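Single-letter residue listing:
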Amino acid sequence: MTKEQSTDAGGIRVRGLSKQYGRVKALDNVDLDVRAGDVFALLGPNGAGKTTLLHILCTILRPDRADEVTVAGHDAIRHSLRAREAIGVVFQEPSLDDRLTLRENLEFHGMVYEVPRSLRRRRMDELLELVDLVERRDDLVRKLSSGMKRRLEIARALLHDPRILFLDEPTVGLDAQSRERIWRYLEELRASRDLTIVVTTHYIDEVKGCDQVCIIDHGRILAEGTPDDLRGRFGTETVRVTPTDIAAAEAIRETYPTATSGRGDTLLIPITDAAMKAEFLRRCGIHVRDLAFETPSLESVFLSLTGHDIRDSEADARDVTLAFGRQGGELTR
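Residues numbered from 1 in each chain as written. Predicted model: local features only at pLDDT ≥ 70, side-chain atom pairs only at ≥ 80, totals over all residues. Heavy atoms only, no water.

A. Spotlight on the overall build of the protein. When you go through the protein residue by residue, the secondary structure sums to eleven helices and 16 strands. The globule rule puts the C-alpha radius of gyration for 333 residues at 20 Å, and the 22 Å found for the protein is close to it. Principal-axis analysis of the C-alpha atoms gives the protein an extent of 75 × 45 × 40 Å. In the protein, which comprises 333 residues, the proportion classed as buried is 49%. The long-range fraction of contacts in the protein, counting pairs at least 24 apart against all pairs at least 6 apart in sequence, stands at 71%. Split by element, the accessible area of the protein, about 15800 Å² in all, is 47% carbon and sulfur. (Helix = DSSP H or I, 4+ residues; strand = E, 2+ residues; numbered from the N terminus. Rg over C-alpha atoms; globule rule 2.2 N^0.38 Å. Buried < 20%, exposed > 50% of the residue type's maximum accessible area, 1.4 Å probe, protein only. Contact = heavy atoms within 4.5 Å. Areas by Shrake-Rupley, 256 points an atom, 1.4 Å probe, with all protein chains shown as cover.)

Shown next as structure tokens:
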């Protein structure tokens, strides 16, 4: 199978998918293609609709409307059980039983998926070896660090040999070293198995090595392509400045209305031409404590498409979560 044959056993195809909670549109007429064998990233802030989309692809939620939702060659709405057999899922919230050992958690999962005993035991050892947990196999899960638990969840999701692995914000709450380690395991998985990997994240630095990146905000797909393609089409050079104080920030915003909030107390201002660099220093230099000119990046891509920095929306995410509420016992985002 070639990667272009995306809707066969290892790919995903979505057309016209929408989901609404009350007056809030979680997903608005989404079209999506994931090629078999790709590492595919859904990039967006908290509350963008990433988890809702993932839950629909995993057959946990039903869309309000969809022309097509094909997962691993199966209609995920009409034949959800067949689709479930072909996927593995690592949810954002912990789902291990911490009263059991690592081996017992894997054993239970394998029994649920009716993996034959001999095959189940062999895969358990192989996967624990893959995620560097084989020496902890008889420990209680509660003794593991957060990063180790996430690695065990990845091993568990692969025990029944799925064609597609879904991971919802797999590195949230982990330190930088653990985040890097998780992504290294994912790269090893992609290299060693015939596996499609779909990851949701709001960490821009994590998607640079992905085959395809899909930018989503407010339930709409804004752009999709390789990281280089997105930078070429939508990226802009920016200046990131740290104003000396609140009054200075207001003065910069008044001079450059296109300025948006960045990380911490910084401001991001698109650079339209080379002359603007000197002009900015002349007009606003006295208001700046620190500055850096940044080449086109995925962060600037997100900024140009949405008008805000990806880290700006924690308050918005809380509002969206309250609006979505709970459906079927699952907190949806």
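B. Main features of the pairing of strand E8 (residues 196-201). Here E8 lies mainly inside the structure; six of its six residues are buried. Burial along E8 is two-sided: the face carrying Thr-196, Val-198 and Thr-200 and the face carrying Ile-197, Val-199 and Thr-201 are both buried. By the bridge criterion, five bridges tie strand E3 (residues 39-43) to E8 in an arrangement that is parallel. Its bridge partner lying in E8, Leu-42 is registered against Thr-200. Two elements, strand E7 (residues 164-168) and E8, share five bridges in a ladder whose sense is parallel. Counted as the bridge partner of Phe-166 is Val-198 from E8. The β-α-β motif built from E7, the intervening helix H6 (residues 176-192) and the parallel element E8 has right-handed crossover chirality. (Pairing = 2+ DSSP bridges. Right-handed = clockwise from strand over helix to strand, strands pointing away.)

C. Structural detail: empty space enclosed by the protein. Taken as a whole and assessed by the stated rule, the structure comprises one cavity of 30 Å³ or more. If you add up the space inside the largest cavity, you get close to 30 Å³. Elements supplying a minimum of two residues to the lining of the largest cavity: strand E11 (238-243) and helix H10 (298-306). For the lining of the largest cavity, the element with the highest residue contribution is H10, accounting for three residues. Residues belonging to the lining of the largest cavity are distributed by class as follows: two nonpolar, three polar and three charged. (1 Å grid on protein atoms, 1.4 Å probe; cavity = no way out; pocket = protein on both sides within 12 Å on 5 of 7 lines; lining within 4 Å. Points joined across faces, edges and corners; volume = space filled by probe spheres on them. Nonpolar A, V, L, I, M, F, W, Y, C, P; charged D, E, K, R; others polar.)

D. Examining the sheet that holds strand E5 (residues 74-75) more closely. Spatially, E2-E1-E4-E5 is the arrangement adopted by the four strands of the open sheet, whose pairing is antiparallel. Each end of this open sheet is capped by a strand with a single partner; those strands are strand E2 (24-34) and E5. Examined bridge by bridge, strand E1 (residues 12-21) and E2 share seven bridges and lie antiparallel to one another. By the bridge assignment for E2, Val-14 is matched with Leu-32. Relative to the sheet, helix H1 (residues 50-57) contacts E1, E2 and strand E4 (68-71), its axis offset from that of E1 by approximately 120°. (Axes fitted to C-alpha atoms, helices over the stretch in contact; angles between N-to-C directions.)

E. Region of interest: the packing of helix H3 (residues 102-112) against helix H4 (residues 117-130). Interhelical geometry of H3 versus H4 gives an angle of 135° and a closest axis separation of 10 Å. Between H3 and H4, the interaxial angle falls into the category oblique. Of the two elements, H3 crosses H4, and the hand of that crossing is right-handed. On H4, the residues touching Leu-102, Arg-103, Leu-106, Glu-107, Gly-110 and Met-111 of H3 are Arg-120, Arg-121, Met-124, Asp-125 and Leu-128. Each residue belonging to the contact of H3 with H4 can be placed in one class, and the counts come to five nonpolar, one polar and five charged. (Parallel < 35°, antiparallel > 145°, perpendicular 65-115°, else oblique. Left-handed = near helix turned anticlockwise from the far one by under 90°.)

F. Molecular detail of helix H8 (residues 246-255). What H8 keeps buried is the set Ala-248, Ala-249 and Ile-252. Buried positions in H8, seen along its axis, are confined to an arc of 100° and lie on one side of it. Facing away from the buried side of H8, by more than 90 degrees, are the exposed residues Ile-246, Glu-250 and Glu-254. Lining the buried residues of H8 we find E11, strand E13 (267-270), helix H9 (275-284) and strand E14 (288-294). With a side-chain oxygen positioned 3.2 Å from the backbone nitrogen of Ala-247, the residue opening H8 is Asp-245. (Arc of directions from axis to C-beta. Polar contact = N/O pair within 3.5 Å; in protein donor to acceptor, adjacent residues only side chain to side chain.)

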